[in-house]
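# Reading the structure
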Amino acid sequence: MKILYSWLRDFVDVPDGPAELGRRMSLRGLALEGLEPAPPGDAPPGVAAVADDAVLDFDVTANRPDCLSVVGIAREVAAVYGLPLRLPGVDATGHLRSARLSAVASDGFTVRIDAPDLCPRYVGAAAEVRVGPSPGWVQRRLAALGVRPITNVVDITNYVLLELGQPMHAFDHARLADQAIVVRRAAAGERITTLDGKSRALTADMLVIADAARATGVGGVMGGADSEVREATTRIVFESAWFKPQSVRATARQLGLRTEASTRFERGADPTAQARAMARACALLEIIGAGTAAGTLVDAEPRPHQPRTLPLTHAHVEGLLGMPVPTLEVERLLEWLGFAVRPAAPLAWQVTVPGWRPDVARPEDLIEEVGRHHGFEHLPATFPPVFQAPAASDARIPRDARVRRAMLAAGFSEAITFAFIEETAAAPFAAGAPALRLANPLSETFAVMRPSLLPGLVTAVGHNRRHEQRDVQLFEIATAFAAAGERRMLAAAWTGAAAGDHWSGHRRDVDFFDLSGVVETVCTMFGVTPSFAPVETAWLVAGRAARIAADGDAIGTVGLLAPAVADAHGLPRGDVVFVAELDLDRLTALAPRAAARVEVLPRFPSAVRDVSLLVPDSLSAVTVRDTMRAAAPPTLVSVREFDRYQGQGTPPGTVSVSLRCTFRAADRTLTDEEVATAMQRMVAAATGTLGAQQR
Amino acid sequence: MATLEELTRLVSEHEAAFALALAEVDAAPATARAAAIEALTVGWTGRKSGRLTDLMGHLPSLPAADRRAFGQLVNALKSRVEQALTERALAAAATKRPAGAVDVTLPGRAPALGHRHPLSLVREEVQAIFTRLGYQVLEGPEIEDDWHNFEALNMPDEHPARDMQDTLYLAEPLPPSLQPPTAATTTRPGRRPAAPQPLTLLRTHTSAMQIRHMEQHDPPVRLVAIGPVYRRDNLDLTHTPMFHQCEGLVVGHGITLAHLKGTLLAMAEALFGAGTPVRFRPSFFPYTEPSAEVDVGCIRCGGVGCPVCKHTGWLEILGSGMVHPAVFEAVGYDPATVTGFAFGMGIERVAMLKWDVGDIRLFYENDLRFLGQFSK
């Protein structure tokens, strides 16, 4: 809310300049968001111009509709400085004078409220007017607060809205059929052309202000074009009413129409302010020479406002704030803000809430008023007592931290990408079921929840490749989404060098085994031994893609990114990108539960034997390994490939594989014969069942 | 004022002195020669106090017309000195190199460590601060129902405060069974809906976790919840539709606003350094009463006022307050016997202030030139 410093001074004699005022108000709940010099121009007649006039922009929180007005802010300022507040008096002289209500004679129009649930109060008054431009000082004040001056009559309604926070409207009296004002719900199919020139369809739950024939305004939102005040208008009817916040809010939202008026009604205008505002508007008519109120003010109030009274105890105040506030201070602060404070018992009060504070509904709300005006700066900085030992944190947090450390050590940098992606990007990863769509996405780029972290991560790789990065290693730990729920995933992408350039040797590009090795390392951290099997997926190149499993459960994939997918994510053509994804939640579930116990170190030496076999290259390594392991005695500790060769010396269709077998017994040193027999059996199994040849 | 003649003599004297020193070095035993050459190099060509540097210092005392001639004289001497020293240094190095020596100045094979994401660094720092203060750290579901994200937090449908956070909704709701059970299994009274609700939205704040936790646990409570949140905000310098939040909640007997202030000031100092100006200022949130915001002194201008802080000298880092009694009623806590405080802070915001990041979108580009600057 923008406030003109000199306008504020109409109501309170602020001793500080605009900057210092803004700083002090910020500490009391009205945060200063901007401070600019005021536009030059006239001061109201009889008021001295302020030298360094300024526009203060306060951030008014959603609970304070009263502060969407100069007087509302002035009341806060008066409380902060302990100064009296001068409201625009109904009897005062000068530019702040309001009309003497009793002097308003004969009316010439009627008001009927058919929907008192949505409009419990409607004040109307007729006036003879001479439509023309407002004087400079009115135009300047409106413009400073961001409202465009139009004509003197319309400017008065806006002036009162800005000054008192009560939205007003002016109808052309001649254009009201039967000079009647009827407040009712819209009829089904009814239409109205609003002041902005747009024709709008109304629904039966919207409140309209109508004459005898048709709707002439949308209640609390915007007036109708038909009854708009024009230059030729000579007689008007001012409206000053109270509309139900929920109704105005729903109507404004349905019509897609937000106005200065609807903003104030939505948050809750002061239900006691309507007659005051009308008096002010009539006075302004005379002050600026725009006309004279004619006839009696009509105040239709079928459901009078019942002020709220709340109990408050001194113990509650100090107990919630955690600082001492003397009882006299509690009373003084509340009264300054317009609350009526009545002692109810020793150290307890009954507090009546003024109409302009719809936000104050509980004792805690009163305590906030006391705390904020006594000053949060007086709060001691203390710490909450510990009542019990803290419970353990979510187990995913330390787990993810461990995985993160492993990935960083393996040379991957950490990425964070958006959880929503393009529908086409998600499609290859969505495993049959469509990805979760958003009802109101910001754009097609953010249309569905990612079924995998890979699309986002690959996009990040593409960004880096287009920005001078030849070697990219990225990982992300985040949530993937599916109709079956949320899963915590680890994704990794690797392109470029496997081993960085070094003067001692040649650069080697990343291959499948670099990334499958990283997967193996991560699984091993969980005590899980992964197995890899060929797989066909939409995003990986067949033949260089594996499904990762443990104990028969699929836990992820690893492989070469399909060129079509790489292309779709903006990677340069021909880029070789390996990607992997692991389901960390499933990995956690597969991790051994038993508490780890240290194994006794072996007391006897192990025996190591190497063997080279020529095997058909269609056989997978795991088959050879498993066949040999099946034929081995329990003393076999491990069998693992240490060399693999294909080329000169290997007949076509075969590959030379060298395996290192380690044997050990817990209770004795193994003899050469024992080990030789075991090796013979294992080699025999390979040659017999797999057609391998020993080299 | 010196004359060119005087200074030319001075240059000659220097040349003679250097020849003498060089002869001494040549006469030194082989083992001491390298050190002697090093000492001579520093003494003559050192940038701060080398004799040649001092010699050149006489330049301003000459008439402008003679300066060029003097400069040439000194530079010629300098190159003769450097040549002599380099020749002797190379010779000395060749004689003392042991067998099998490697050139230790070649680059080593440094294992390439990955870089941390700054948001992850801030997150870990916040976790560490609150773990130290005895809080448990929680995560929670990112797809939420209306009850946990809004209703239970004193934001019923049609509440103006819902405008404060523009929400992203799922096209088709998911069954409530996908999230941890809450309402159906809680025996405490409370304002909660009769049956668990379908999951319809992306959580707009981590505050939803307050409700989930309180529904399942009796007081006292002492937790922080961290994770991504979502709002329908267009991408610009300070907004992204996904960002990260850290939520804190403490509930127990006699918890006060002063406890909140102490806790938040301690956190701000831990994050931004001791002595950082911090202020605690009234504000409004539907789920707290009283409510407060915390500002830190503008990092960019030091509090003088600049465009970053909108000339106020302060930057807001978080919202907080005393838990609203309506929130306690929603989860079946008795507001007459317990009070509590809560706060919510944007991780991106902290990272932007901490490292002077001007554009929030940098966090989501994952540019290695950006990430490469974070290696803790």
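This one's a predicted model, so the numbers in the text were calculated from it and none came from an experiment. (Residues numbered from 1 in each chain as written. Chains lettered and ligands numbered in written order. Predicted model: local features only at pLDDT ≥ 70, side-chain atom pairs only at ≥ 80, totals over all residues. Heavy atoms only, no water.)

### Re the overall build of chain A
Looking only at helices and strands, chain A features 19 helices and 32 strands. Here chain A has a C-alpha radius of gyration of 40 Å; the compact-globule value for 695 residues is 26 Å, and the former is much larger. Dimensions of chain A, computed from the C-alpha atoms along their principal axes, are close to 125 × 60 × 50 Å. For chain A, buried positions account for 54% of its 695 residues. Considering only contacts in chain A between residues 6 or more positions apart, those separated by 24 or more positions represent 69%. (Helix = DSSP H or I, 4+ residues; strand = E, 2+ residues; numbered from the N terminus. Rg over C-alpha atoms; globule rule 2.2 N^0.38 Å. Buried < 20%, exposed > 50% of the residue type's maximum accessible area, 1.4 Å probe, protein only. Contact = heavy atoms within 4.5 Å.)

### Notes on the overall build of chain B
Helix and strand content of chain B: twelve helices and ten strands. By the compact-globule yardstick of 21 Å for 376 residues, chain B is too spread out, its C-alpha radius of gyration being 35 Å. Within chain B, the proportion of its 376 residues that are buried is 52%. Across chain B, contacts joining residues at least 24 apart in sequence account for 69% of those joining residues at least 6 apart. About 16500 Å² of surface is accessible on chain B, with carbon and sulfur atoms providing 57% of the total. (Areas by Shrake-Rupley, 256 points an atom, 1.4 Å probe, with all protein chains shown as cover.)

### Observations concerning the interface of chain B and chain A
On the chain A side, the residues contacting the 92 residues of chain B number 87 residues. By the criterion of area lost to chain A, the three top residues of chain B are E139, P282 and L368 of chain B, representing 9% of everything that side buries. Seen at the junction of chain B and chain A, the total is five salt bridges. A salt bridge links R404 of chain A to E124 of chain B; its shortest N-O distance comes to 3.9 Å. Viewed at the interface, chain A and chain B are joined by 37 residue pairs in polar contact (both at pLDDT 80 or more). In terms of residues, the side of chain B that touches chain A owes the most to one element, helix α8 (residues 257-272) of chain B, which gives eight residues. The class makeup of the residues in the side of chain B that touches chain A is 43 nonpolar, 27 polar and 22 charged. (Buried area = accessible area lost by both parts, 1.4 Å probe. Salt bridge = Lys/Arg side-chain N within 4 Å of Asp/Glu carboxyl O. Polar contact = N/O pair within 3.5 Å; in protein donor to acceptor, adjacent residues only side chain to side chain. Nonpolar A, V, L, I, M, F, W, Y, C, P; charged D, E, K, R; others polar.)

### Some remarks on the sheet that holds strand β26 (residues 540-550) of chain A
Residue and element names in this part refer to chain A. Strands sit in the order β18-β21-β22-β28-β27-β26-β25 across an open sheet of seven strands; the sheet is mixed. The open sheet terminates on both sides in strands that have one partner only, identified here as β18 (413-414) and β25 (531-534). In this sheet, strand β21 (residues 472-482) lies alongside β18 in parallel orientation, the contact comprising two bridges. Within β21, the position partnered with E414 by the bridge is F475. (Pairing = 2+ DSSP bridges.)

### Some remarks on the packing of helix α5 (residues 118-132) of chain B against helix α10 (residues 347-355) of chain B
Residue and element names in this part refer to chain B. Running from N to C, α5 and α10 point in directions that differ by 105 degrees, and their axes come no closer than 9 Å. As far as their axial angle goes, α10 and α5 are roughly perpendicular. Contacts between α5 and α10 involve P118, L119, L121, V122, R123 and E125 on the former and, on the latter, I347, E348, V350, A351, K354 and W355. Of the residues in the contact of α5 with α10, the class split is eight nonpolar, no polar and four charged. (Axes fitted to C-alpha atoms, helices over the stretch in contact; angles between N-to-C directions. Parallel < 35°, antiparallel > 145°, perpendicular 65-115°, else oblique.)

### Considerations on the packing of aromatic side chains
Aromatic ring pairs are reported here in terms of the distance separating the ring centres and the angle at which the planes meet. All told, the structure shown has 20 aromatic pairs over all chains when counted by the stated rule. Here a set of aromatic residues connected by ring pairs shows up, and it is made of F418, F420 and F446 of chain A together with Y230 and Y364 of chain B. Between the NZ or CZ atom of R24 of chain A and the centre of the ring of Y81 of chain A, over which it lies, the distance is 4.4 Å. The aromatic ring of F642 of chain A is capped on one face by R660 of chain A, whose charged end is 4.3 Å from the ring centroid. (Phe/Tyr/Trp six-rings, centres within 6.5 Å; stacked < 30°, edge-to-face > 60°. Lys NZ or Arg CZ within 6 Å of the ring centre and 35° of its normal.)

### Comments concerning the side chain of T627 of chain A
Tracing the sequence through the fold places T627 of chain A in helix α18 (residues 621-630). When residues no more than four places from it in sequence are discounted, the contact partners of T627 of chain A are A685, A686, T689 and L690 of chain A.

### Side note on the pairing of strand β5 (residues 221-230) of chain B
Residues and elements named next belong to chain B. Across the ten residues that make up β5, a large majority, ten, are buried. The sheet contact formed by strand β1 (residues 136-138) and β5 spans three bridges and is parallel. Paired with Q136 across the bridge in β5 is L223. Alignment of β5 against strand β6 (residues 242-252), held across ten bridges, turns out to be antiparallel. Following the sheet pairing, I226 is matched in β6 by C246.

### Looking at helix α9 (residues 314-321) of chain A
All names here are of chain A. Restricting attention to buried positions, one finds in α9 the residues H314, V317, L320 and L321. The buried residues of α9 all sit within an arc of 150 degrees when viewed along its axis, so they share a single face. Taken from the residues just after α9, G322 is the one with a positive phi, measuring 75 degrees. (Arc of directions from axis to C-beta.)

### Details of the sheet that holds β1 of chain B
Strands sit in the order β1-β5-β6-β10-β9-β8-β7 (chain B) across an open sheet of seven strands; the sheet is mixed. In this open sheet, the two strands that pair with only one neighbour each are β1 and β7 (278-285) of chain B. Averaged over all pairs of adjacent strands, the angle between their axes in this sheet comes to 25 degrees, without regard to strand direction. Each of β7 and β8 (288-297) of chain B is contacted by helix α11 (residues 363-374) of chain A, which is oriented at about 30 degrees to β8 of chain B, the strand it contacts most. Together, β1, β5, β6 and β10 (339-346) of chain B form the strand contacts of α5 of chain B, whose direction differs from that of β5 of chain B by roughly 170 degrees.

### Brief notes about the pattern of salt bridges
Under the definition given, this model contains 65 salt bridges over all chains. When the shortest N-O distance is used, the salt bridge between D626 of chain A and R629 of chain A registers 3.7 Å. Of this pair, D626 of chain A and R629 of chain A both sit in helix α18, separated by three residues, roughly a single helical turn. By relative accessible area, which is 41% here, R629 of chain A ends up partly exposed. Of the charged contacts in the structure, one is a salt bridge between R88 of chain B and D26 of chain B, with a shortest N-O distance of 2.8 Å. Residue R88 of chain B is located in helix α4 (residues 64-96), and its partner D26 of chain B is located in helix α1 (residues 4-27); the two are separated by 62 residues in the primary sequence. Take R88 of chain B: its relative accessible area is 24%, and that puts it in the partly exposed class.

### Section: the environment of S199 of chain A
Residue and element names in this part refer to chain A. Turning to its location among the elements, S199 is positioned in strand β9 (residues 199-201). Judged by its relative accessible area of 44%, S199 falls in the partly exposed class. S199 sits 437 residues away from L636 along the chain, and the two C-alpha atoms are 87 Å apart. Excluding its chain neighbours within four sequence positions, the residues that come into contact with S199 are R191, I192 and T193.

### Section: unusual backbone geometry
Negative phi values dominate among residues other than glycine, just as trans dominates among peptide bonds. Residues and elements named next belong to chain B. Residue P220 is bonded to the preceding P219 through a cis peptide linkage, with omega at 5 degrees. Residue placement: P220 occurs in the loop between α7 (208-216) and β5. E289 connects to P290 through a cis peptide bond whose omega is -10 degrees. Tracing the backbone shows P290 in strand β8. The phi torsion at N154 lies on the positive side, around 65 degrees, for a residue other than glycine.

### Brief notes about helix α8 (residues 274-287) of chain A
All names here are of chain A. Between its first and last C-alpha atoms α8 spans 20 Å; for 14 residues at 1.5 Å apiece the expected length is 20 Å, and the two agree. By the criterion of burial, α8 is predominantly enclosed, with eleven of the 14 residues buried. Looking only at α8, the buried set comprises Q274, A275, A277, M278, A279, R280, A281, C282, A283, L284 and L285. Against β5 (121-129), α4 (136-144), α5 (152-164), β13 (235-242) and β14 (291-300) lie the buried residues of α8. (Expected span 1.5 Å × (residues − 1).)

### Focus on the environment of L453 of chain A
All names here are of chain A. Note on placement: L453 falls in the loop between β20 (448-449) and α14 (454-465). The class for L453 is buried, based on a relative accessible area of 0%. Sequence-wise, L453 and A410 are 43 residues apart; in three dimensions their C-alpha atoms are separated by 19 Å. Those residues in contact with L453 that lie beyond four places of it in its chain are E476, I477, A478, T479, A480, M489, A491 and E581.

### Some points on the confidence of the model for chain A
This prediction gives chain A a mean pLDDT of 91; 97% of its residues lie at or above 70. Confidence over residues 91-106 of chain A falls short of pLDDT 50; this stretch has 46 contacts with residues more than four positions distant or in other chains. (pLDDT = per-residue confidence, 0-100.)

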